[in-house]
Amino acid sequence: MARYAVICASNQNRSMEAHHVLQKKGFNVNSYGTGTMVRLPGPSIDKPNIYPFGTPYEQVYQELKSKDPNLYTQNGLLNMLDRNRKTKPAPQRWHESREVFDVIITCEERCFDAVVEDLVNRGQNLNQSTHVINVEIKDNHEDALLGGRAILQLAQMIEASTDIDADMDGIIEEFTSRNPSFPILHTLDDEEVPSSSTFDLSQLPSSFKKFLDDNSIDPAIYTVVDLPRYFRINTGLPKEKRPTLEGLREQFKTDQVQEIKGIKGFFSVKLDNVRLSDTQAYKESAIFGIDVSSAIAVEALSITQDDQVLDLCCAPGAKLCMISNLLGKEGVGTVTGVDIAEHRLSTCRSLLKRYKAGERVRLFKADGTTFSILPPSRIGNRVIHEEHDSKRQKTEIVKPFWAPKTLRYDRQINHGVLYDKVLVDAECTHDGSIAHILKYEKWGWDSFEKNFMDSNRLGSITELQRNLMKQGWRMLKKGGIMVYSTCSLTISQNEENTAWFLTEHPDAQIEKIPNYDIQTSPIKKQNINQKLQGALEEHCVRFDPISSCTSGFFLVKFVKKL
């Protein structure tokens, strides 16, 4: 049986009703709140009853009963607290929990955002993926009762599945059709940080061993343990709110916090008993997690304050936060993020809100292989590109998935100006991610054969990547930079895609990317264009867990000739 968490703001009404219903039906469930304090209605709107998380329900019940039994009986609080005290001792705060769950169900979008932000940064346990689902429920007793029943139905549908990850989209579609009054959001958090667990290579399926052998990938990369955790200072905050190196070492309780040379404000840490999310810097949104290889991909764009940046595969959003930080607030630079999946864009939006990094960012739900919306012409009242009447062409306005007010109402006029920088961190097989592969030790290797080794997926992934590269190039101005990257270690998705692109695009040239004193692994031989092999070996970069102490990653920097 899956482990469930149900979450609302104060762990009193909606989450506790669902907890009560699920517990009665035998589900393995706990519940939490995402607020800083527990807030309950008082004698007037400006006089709420406020308690710290952990205050026993029994204590709150007796206090309110002694204050005004008629008021708190009529408004339903005593009945609610009576149910709560029979379900568990006291309200719990999500951010103080160390438990791991298979499914987290939130009851409000702001709670969903808070949980997703926290999961992205805390680093889950090895082999643990978590589905986060928001079932929007109004915070009153009647709707909490209806919402509890709906959540029970959802949990029963999940339990009926033999493969939650494969079936979840269908489960949510069916649930929504049965419960149209409860809007749904969903995301999957599976970006775990490998622990010191050992792994038996003999468990790898023979088909995957052949896949690794065909791509000259050493299976030993999946035995690497205790990789550092990487994070960046949120430079969007005022300097006085940013932690110092000494302060970080104190918060992580270790001297193993090191700044990465050449990448300003970027650090590694060897985690012991303190998680990223345990630190005061994280709680104050002063740091955010991002792998060093992803950071190097962003650094390779050489972003300046007036750049118009396009991120064609923007989820889960840490790169967007870093790009926003690098753009700063002085110029007119913006970043446009694109992803085809709404739940992944929800994760991006959550991160941008948490780190107050969304002032220059707009998000679009779209297919990156066909996305053609040009950079904005204005940011608020500031002009980015002059709109000359002679060059205006009417276009159908596409509503952003999310954007700040300063970018939300851009008229999307076809002014002919393209992006200065494009990032194509493409969808791939993720075989360079230790955690992504090893989670199948929990799910079962049958699921691996079904999901990872699917012949249609493996056969079409390079076509998708090439189409993303082509569209990114179309949207890039002359003299602009496009960075292509994957978290795969295969030749076809990396060196061969690079050689193909250079062969098909004579206006492209590649430039060297610094490795920032991180040991790289050798560039592999491709069979597309042997004349380009020397250039690839000189300019492209590969990282792997054995050589680099980071996730497997490949990146290349293209410049469009003038």
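Computed from a predicted model, the values in this text were never measured in an experiment. (Residues numbered from 1 in each chain as written. Predicted model: local features only at pLDDT ≥ 70, side-chain atom pairs only at ≥ 80, totals over all residues. Heavy atoms only, no water.)

Some words on the overall build of the chain
In terms of regular secondary structure, the chain is built from 21 helices and 21 strands. Scaling as 2.2 N^0.38, a compact globule of 562 residues should have a C-alpha radius of gyration of about 24 Å, and the chain matches this with 25 Å. Viewed in the frame of its principal axes, the chain has a C-alpha envelope of about 85 × 65 × 50 Å. A buried classification covers 59% of the 562 residues belonging to the chain. (Helix = DSSP H or I, 4+ residues; strand = E, 2+ residues; numbered from the N terminus. Rg over C-alpha atoms; globule rule 2.2 N^0.38 Å. Buried < 20%, exposed > 50% of the residue type's maximum accessible area, 1.4 Å probe, protein only.)

Description of the sheet that holds strand 11 (residues 287–289)
Across a sheet, paired strands are connected by hydrogen bonds in the backbone, their directions being either parallel or antiparallel. The strand order 9-10-8-11 describes an open sheet built from four strands, whose pairing is antiparallel. In the strand order of this sheet, the two ends are held by strand 9 (257–259) and strand 11, each with one partner. Neighbour-to-neighbour, the strand axes of the sheet open up by a mean angle of 30°, direction not taken into account. Here helix 9 (residues 245–252) sits on the sheet in contact with strand 8 (229–233), strand 9, strand 10 (266–269) and strand 11, set at roughly 155° to strand 9. Contacting strand 8 and strand 11, helix 12 (residues 318–327) crosses the sheet at an angle of about 140° to strand 11. (Pairing = 2+ DSSP bridges. Axes fitted to C-alpha atoms, helices over the stretch in contact; angles between N-to-C directions. Contact = heavy atoms within 4.5 Å.)

As for the side chain of N494
Within the fold, N494 resides in the loop between strand 18 (476–486) and helix 19 (495–504). Assessed through its relative accessible area of 0%, N494 is described here as buried. Within the structure, the side chain of N494 is placed 2.7 Å from the side chain of T486, a separation counted as a polar contact. Looking at N494, its side chain comes within polar contact range of the main-chain oxygen of S488, at 3.0 Å. Not counting residues up to four positions away in its chain, the partners in contact with N494 are T486, S488, L489, R542 and F554. (Polar contact = N/O pair within 3.5 Å; in protein donor to acceptor, adjacent residues only side chain to side chain.)

Let's talk about unusual backbone geometry
For residues that are not glycine, phi is negative in most cases, and the peptide bond is trans in most cases. For the bond from A315 to P316, the omega torsion is 5°, close enough to zero to count as cis. The topology assignment puts P316 in the loop between strand 12 (308–311) and helix 12. Of note, H430 is a non-glycine position whose phi angle comes to about 60°, a positive value. Relative to the helices and strands, H430 resides in the loop between strand 17 (419–425) and helix 15 (434–438). Of note in the backbone geometry, Y516 takes a positive phi value of approximately 55° without being a glycine. Looking at the secondary structure, you find Y516 in the loop between strand 19 (508–511) and helix 20 (533–539).

What to know about the UniProt feature "binding site: S-adenosyl-L-methionine" (unreviewed entry) in the chain
According to UniProt, the positions carrying the feature "binding site: S-adenosyl-L-methionine" (unreviewed entry) are D339, D367 and D425. These annotated residues cover 87 residues of sequence, and their C-alpha atoms all fall within 14.0 Å of one another, placing them together at a single site. In this structure, D339 sits in strand 13 (residues 334–339). Judged by relative accessible area, which is 6%, D339 ranks as buried. With sequence-adjacent residues up to four places away left out, D339 is seen in contact with C313, C314, A315, R344, L345, F364, K365 and A366. Mapped onto the elements of the fold, D425 is located in strand 17. A polar atom in the side chain of D425 sits 2.9 Å from the side chain of K319. (UniProt positions renumbered as here; feature names shortened; annotations may be inferred.)

Notes on the UniProt feature "active site" (unreviewed entry) in the chain
According to UniProt, the "active site" (unreviewed entry) feature falls on C487. As for its position among the elements, C487 is in the loop between strand 18 and helix 19. Setting aside its immediate chain neighbours within four residues, C487 contacts C428, H430, D431, G432, S433, G552 and F553.

Overview of the environment of V116
Tracing the backbone shows V116 in helix 5 (residues 109–122). In this structure, the C-alpha to C-alpha distance between V116 and Y230, residues 114 residues apart in sequence, is 18 Å.

Structural notes on helix 11 (residues 292–299)
One full turn of an α-helix is made of 3.6 residues, so residues set three or four places apart face in the same direction. Taken across its eight residues, helix 11 has eight buried, putting it largely inside the fold. Taken together, the buried positions of helix 11 are occupied by V292, S293, S294, A295, I296, A297, V298 and E299.

Let's talk about the packing of helix 2 (residues 57–67) against helix 4 (residues 77–87)
Look at helix 2 against helix 4: their axes get within 9 Å of each other, and the N-to-C directions meet at 160°. Classified by the angle their axes make, helix 2 and helix 4 are roughly antiparallel. In this structure, the crossing between helix 2 and helix 4 has a hand that is left-handed. For the pair formed by helix 2 and helix 4, the contact residues are Y57, E58, V60, Y61, Q62, L64 and K65 on the first element and L77, L78, L81, D82, N84 and R85 on the second. Considered class by class, the residues forming the contact of helix 2 with helix 4 number seven nonpolar, two polar and four charged. (Parallel < 35°, antiparallel > 145°, perpendicular 65-115°, else oblique. Left-handed = near helix turned anticlockwise from the far one by under 90°. Nonpolar A, V, L, I, M, F, W, Y, C, P; charged D, E, K, R; others polar.)

As for the pattern of salt bridges
On inspection of all chains with the given rule, the structure shows 21 salt bridges. Residue R14 is joined to D139 by a salt bridge in which the shortest nitrogen-to-oxygen separation is 3.6 Å. Of this pair, R14 sits in helix 1 (residues 14–24) while D139 sits in the loop between strand 6 (130–135) and helix 6 (141–159), and the two are 125 residues apart along the sequence. Judged by relative accessible area, R14 falls into the buried class, the value being 3%. For D139, a relative accessible area of 54% corresponds to the exposed category. (Salt bridge = Lys/Arg side-chain N within 4 Å of Asp/Glu carboxyl O.)

Examining the packing of aromatic side chains
Remark: the centre distance and the inter-plane angle together describe each pair of aromatic rings, the angle taken between the planes. By the definition in use, this model includes 15 aromatic pairs. A ring pair is formed by F501 and F558, whose centres lie 4.7 Å apart and whose planes are at 55°; its orientation type is tilted. With a gap of 57 residues between them, F501 in helix 19 and F558 in strand 21 (residues 553–560) connect regions that are remote in the sequence. Considered together, F501 and F558 belong to a single accessibility category, that of buried residues. Joined through ring pairs, the aromatic side chains of W473, W500, F501 and F558 make up one cluster. The ring centre of Y61 lies 3.8 Å from the NZ or CZ of R85, which sits over that ring. (Phe/Tyr/Trp six-rings, centres within 6.5 Å; stacked < 30°, edge-to-face > 60°. Lys NZ or Arg CZ within 6 Å of the ring centre and 35° of its normal.)

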